[in-house]
Amino acid sequence: MSRQAFAAGTEFGHAGSYEKLRGRAFFALDPDAAANGPIADLKLAPRNDRGLVEFSAEFLVLRPADVTRRNGTFLYERSTTAAI
């Protein structure tokens, strides 16, 4: 994971300056679980030793550098770019 100042430390109203966190999250799904049934071709994907399908995703988070100045709101935007 990396952490750096956003917009060269520019202050944005009450929240103040922001920091940018960038990293990778790792997941594992059970292809036999009913909740995962709608995922196309999941049962065809390679499985690990526990029978789970592993995958990862990159993330980028902007948050107030001083977390005491946050307002409790989380905005999420899903990327439409996918690597196959």
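This text goes with the structure placed above it.
These lines cover the structure that appears in this document, whether it is placed above or below.

Here is what the cut-offs are and how they apply
Residues numbered from 1 in each chain as written. Predicted model: local features only at pLDDT ≥ 70, side-chain atom pairs only at ≥ 80, totals over all residues. Heavy atoms only, no water. Pairing = 2+ DSSP bridges. Helix = DSSP H or I, 4+ residues; strand = E, 2+ residues; numbered from the N terminus. Axes fitted to C-alpha atoms, helices over the stretch in contact; angles between N-to-C directions. Buried < 20%, exposed > 50% of the residue type's maximum accessible area, 1.4 Å probe, protein only. Contact = heavy atoms within 4.5 Å. Salt bridge = Lys/Arg side-chain N within 4 Å of Asp/Glu carboxyl O. Phe/Tyr/Trp six-rings, centres within 6.5 Å; stacked < 30°, edge-to-face > 60°.

**Description of the sheet that holds strand β1 (residues 2-5)**
One open sheet accounts for 3 strands, arranged β1-β2-β3; its pairing is antiparallel. In the strand order of this sheet, the two ends are held by β1 and β3 (53-64), each with one partner. Ignoring strand direction, the axes of neighbouring strands in this sheet form an average angle of 20°.

**Topic: unusual backbone geometry**
One non-glycine residue, Ala 7, lies in positive phi territory at about 55°. For Ala 7, a relative accessible area of 35% translates into the label partly exposed. One non-glycine residue with positive phi stands out, namely Ala 8, at about 55°. The exposure class of Ala 8 is exposed, given its relative accessible area of 82%.

**Structural notes on the environment of Leu 75**
Positionally, Leu 75 belongs in the segment after β3. The spatial distance from the C-alpha of Leu 75 to the C-alpha of Val 61 is 9.6 Å, given a sequence separation of 14 residues.

**Examining the environment of Met 1**
Relative to the assigned elements, Met 1 resides in the segment before β1. The exposure class assigned to Met 1 is exposed, which follows from its relative accessible area of 71%. Setting aside chain neighbours within four positions, we find Met 1 in contact with Leu 21, Arg 22, Gly 23 and Phe 59.

**Focus on the pattern of salt bridges**
Close approach of charged atoms allows side chains of opposite charge to pair. Per the counting criterion, the structure on display carries 6 salt bridges. Close ionic contact of Arg 3 with Glu 19 constitutes a salt bridge, the shortest N to O distance being 3.2 Å. Within this pair, whereas Arg 3 is found in strand β1, its partner Glu 19 is found in strand β2 (residues 18-29), the two being separated by 16 residues in sequence. You can call Glu 19 buried: its relative accessible area is 10%. Its salt-bridge partner being Arg 24, residue Glu 58 comes within 3.2 Å of it at the nearest N-O pair. Placement of Glu 58 in strand β3 and of Arg 24 in strand β2 is noted, with a sequence separation of 34 residues between them.

**Some thoughts on the packing of aromatic side chains**
Going through the model one piece at a time under the given rule, you end up with 3 aromatic pairs. Ring geometry for Phe 27 versus Phe 55: centroids 5.0 Å apart, planes at 20°, classification stacked. Of this pair, Phe 27 sits in strand β2 while Phe 55 sits in strand β3, and the two are 28 residues apart along the sequence. On the basis of relative accessible area, Phe 27 is assigned to the partly exposed category, the value being 40%.

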